[in-house]
Amino acid sequence: MIPEFSETEIQRYARHILLPEIGGTGQAALRAASVLIIGAGGLGSPLGLYLAAAGVGRIGLVDDDVVDLSNLQRQIAHATDRIGQPKVESAAEAMRAVNPLVRVDAHATRLDAGNARALVGSYDLVCDGSDNFRTRYLLADACALERRTLVSAAVLRFEGQLSTFRPHRGGPCYRCLYPAPPRDGAVPSCAEAGVFGAVTGVMGTLQATEALKEILDIGDSLAGRLMVWDALAARFHTIRLSPDPDCPLCGTHPTIHDLSAHAASHAPSGACAIHAG
Ligand SMILES: [Zn+2]
């Protein structure tokens, strides 16, 4: 039985509905779900397009940047004739073109201590595709405080990292893995060090896959594991992660209870937000 789908929806999602792991029930769960994407760039582009194509009912995009010529080498949701447009508008246009049945909320703003919890709390699941450590730590804290699952991807040069954090369900959080941001300048930015365009496409697509799996509750979650991809070596490997009892966010004696420590932060440190490893 397929729950109340139109003929158009049944055709559009036929290859999903055929999968026993999804079926009509799973497809209805995707339609009922909402996902917040931080960053409409290299990761956010394939992520947004695949979530829209998959029929996730409501997708939020947060980014305060505009499309630049140098983005187009990897940020495939944008187009040459949209240079200068807000990235959230450009990406929303591409996503609606793929699937007009999904609602796309374009938040043309920077995630900050004042808006993070309200934004995170109004979606079921959150994906981090940001390009700086300030946003990554702010988002990780907001997700833990709001009890939202965070699917987090990062890229630099030819390397990608991906994990899922859901400390509210017992797994480690982002700070269990990386307790504090690296010193400013300790990690080079994509602007300084470069990034291989297709690596962002693969990592954003893996991120979309994990987000959809979390919504559908199928397969093995990446919670408790960090997947690392070395594109030059053509090798994936996975590292086991455990919750840290001394974690400042989710440990037995947490010191982070709100986002006040982030309130003083201004401009982001210019890094692609991949930790050296
Ligand atoms: Zn933790």
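Going by an unreviewed UniProt entry, the protein carries the name Molybdopterin-synthase adenylyltransferase and comes from Gluconacetobacter tumulicola. In the Catalytic activity (unreviewed entry) part of its UniProt record, the protein is described as follows: "[molybdopterin-synthase sulfur-carrier protein]-C-terminal Gly-Gly + ATP + H(+) = [molybdopterin-synthase sulfur-carrier protein]-C-terminal Gly-Gly-AMP + diphosphate". Its UniProt record, at the heading Function (unreviewed entry), says of the protein: "Catalyzes the adenylation by ATP of the carboxyl group of the C-terminal glycine of sulfur carrier protein MoaD."

**Q** I tried to follow the packing of helix α3 (residues 23-32) against helix α10 (residues 197-216) on my own but got confused; where do I start?
**A** Between two packed helices, both the angle of their axes relative to each other and the distance between the axes serve to describe the pair. Between α3 and α10, whose axes approach to 9 Å, the crossing angle comes to 110 degrees. By the angle between their directions, the pair α3 and α10 is classed as roughly perpendicular. Residue-level inspection shows Gly 26, Ala 29 and Leu 30 of α3 in contact with α10, the latter providing Leu 212, Ile 215 and Leu 216. Here the contact of α3 with α10 is composed, by residue class, of five nonpolar, one polar and no charged.

**Q** Sorry, what's going on with the coordination of the zinc ion here?
**A** For a metal bound by four donors in a tetrahedral arrangement, the ideal donor-metal-donor angle is 109.5 degrees, while six donors in an octahedral arrangement ideally sit at 90 or 180 degrees. Around the zinc ion, the protein contributes the donor atoms Cys 173 (SG), Cys 176 (SG), Cys 247 (SG) and Cys 250 (SG), at 2.3 Å from the metal centre. Classification of the site at the zinc ion as tetrahedral follows from its four donor atoms and the range of 95 to 119 degrees in their angles at the metal. Ordering the donors of the zinc ion by residue number gives the pattern C-x2-C-x70-C-x2-C. In this pair, Cys 176 is assigned in helix α8 (residues 174-177) and Cys 247 in the segment after β8 (235-240), connecting sequence segments 71 residues apart. For the residue pair Cys 176 and Cys 247, the accessibility class agrees, reading buried in each case.

How each quantity is defined
- Residues numbered from 1 in each chain as written.
- Predicted model: local features only at pLDDT ≥ 70, side-chain atom pairs only at ≥ 80, totals over all residues.
- Heavy atoms only, no water.
- UniProt positions renumbered as here; feature names shortened; annotations may be inferred.
- Axes fitted to C-alpha atoms, helices over the stretch in contact; angles between N-to-C directions.
- Helix = DSSP H or I, 4+ residues; strand = E, 2+ residues; numbered from the N terminus.
- Parallel < 35°, antiparallel > 145°, perpendicular 65-115°, else oblique.
- Contact = heavy atoms within 4.5 Å.
- Nonpolar A, V, L, I, M, F, W, Y, C, P; charged D, E, K, R; others polar.
- Donors = N, O, S within 2.8 Å, 3.2 Å for Na, K, Ca; no water.
- Tetrahedral: all angles 85-135°; square planar, octahedral: opposite > 155°, others 65-115°.
- Buried < 20%, exposed > 50% of the residue type's maximum accessible area, 1.4 Å probe, protein only.

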